[in-house]
Amino acid sequence: MPSKDSGEIRERSLLAAMIVGGVLASVSCRAQSGSTISTVAPLPVEAGLDALDDDPPRTERARELLLETLGDPELSREDRWKAYEGLAASHVIEGDYDSALPWLEKALPISRSPRRTHYNLACVHCRSGQRASCYRHLAEALWVRSAYGGSRSNQLSFMLREDLAAMARDDP
């Protein structure tokens, strides 16, 4: 029978995989669209994300590579976003949600997928016990999505967003 600790580690790994998976999906989409990706050596940002995908994840090495990437003044907006999300995931893997939050907050204004970043923020706030912030970011994730959905989707998302906002106000 797995211990409570192993279950918690598995949950943290799944949350981190969702964060990294979203970032890696953007890399995969770029590759499929015909953009040039170096096949000689991965960029530090991809190498950092790969270190998180190892079994077991190499969080220290990932942080080292991702922080190195952020030092590059020529770094693209997309790679900066990936590095911030990867740094957040490295802390989530270790259960250090408070250290993950600043990286996700930095990722949000430059995110190519604000819905995903708001959702990741909601998950991390939830895991750290900050329910009002969790509700707020979940509502924002739904609001961003509803801007691109159909009218029924907009109505349902708006109603759920309002419910979440009320829960955030009522929650101590």
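These numbers were taken from a predicted model, which means no experiment stands behind them.

1. Concerning the overall build of the chain
Here is step 1: Counting secondary structure elements, the chain contains eight helices and zero strands.
Here is step 2: Along the chain, helices and strands appear, N-terminal first, in the series α-α-α-α-α-α-α-α.
Here is step 3: Across the 172 residues of the chain, 42% fall into the buried class.
Here is step 4: For the chain, the accessible surface area stands at approximately 9,800 Å², while carbon and sulfur atoms represent 54% of it.

2. Structural notes on helix 4 (residues 77-93)
Here is step 1: For helix 4, with 17 residues, the first-to-last C-alpha span of 24 Å sits near the 24 Å given by 1.5 Å per residue.
Here is step 2: Positioned one or two residues after helix 4, G95 has a phi angle of 80 degrees, which is positive.

3. Describing the nonpolar core
Here is step 1: Residues L70, Y84, W103 and V124 are the most contacted members of the largest nonpolar core, which totals 20 residues.
Here is step 2: Among the elements of the structure, helix 3 (59-70), helix 4, helix 5 (97-107) and helix 6 (114-127) are those that each provide at least two residues to this core.
Here is step 3: Excluding its chain neighbours within four sequence positions, the residues that come into contact with Y84 are L70, W103, K106, A107 and I110.
Here is step 4: Of all hydrophobic cores here, the second largest spans six residues; its members include L49, L52, A62 and I93.

4. Points about the confidence of the model for the chain
Here is step 1: Model confidence for the chain is summarised by a mean pLDDT of 76, while 59% of its residues fall at 70 or above.
Here is step 2: Considering each helix and strand of the chain separately, the mean pLDDT is smallest for helix 1 (residues 4-32), with a value of 57, and largest for helix 5, with 96.
Here is step 3: Within the model, the stretch residues 24-42 combines pLDDT values under 50 with 17 contacts to residues more than four positions away or in other chains.
Here is step 4: In the predicted structure, residues 149-155 sits below a pLDDT of 50 and forms four contacts with residues beyond four places in sequence or in another chain.

5. Quick look at the side chain of H125
Here is step 1: Looking at where H125 falls in the secondary structure, it is placed in helix 6.
Here is step 2: Looking at H125, the relative accessible area reads 5%, which means it is buried.
Here is step 3: Within polar-contact distance, the side chain of H125 engages the side chain of Q130 at 2.7 Å.
Here is step 4: Ignoring sequence-local partners within four residues, the contact set of H125 consists of L101, E105, Q130, S133, C134 and H137.

6. Observations regarding the pattern of salt bridges
Here is step 1: Taken as a whole and judged by the stated rule, the model has eight salt bridges.
Here is step 2: With its nearest N and O atoms 3.2 Å apart, the salt bridge here joins K82 to E46. Here K82 is found in helix 4, whereas its partner E46 is found in helix 2 (residues 44-53), with 36 residues between them in sequence. Taken as a pair, K82 and E46 share a single burial class, namely buried.
Here is step 3: E94 is the partner of R63 in a salt bridge, and the nearest nitrogen-oxygen pair spans 3.1 Å.

Rules behind the numbers
Residues numbered from 1 in each chain as written. Predicted model: local features only at pLDDT ≥ 70, side-chain atom pairs only at ≥ 80, totals over all residues. Heavy atoms only, no water. Helix = DSSP H or I, 4+ residues; strand = E, 2+ residues; numbered from the N terminus. Buried < 20%, exposed > 50% of the residue type's maximum accessible area, 1.4 Å probe, protein only. Areas by Shrake-Rupley, 256 points an atom, 1.4 Å probe, with all protein chains shown as cover. Expected span 1.5 Å × (residues − 1). Core = buried A, V, L, I, M, F, W, Y, C linked by side-chain atoms within 4.5 Å. Contact = heavy atoms within 4.5 Å. pLDDT = per-residue confidence, 0-100. Polar contact = N/O pair within 3.5 Å; in protein donor to acceptor, adjacent residues only side chain to side chain. Salt bridge = Lys/Arg side-chain N within 4 Å of Asp/Glu carboxyl O.

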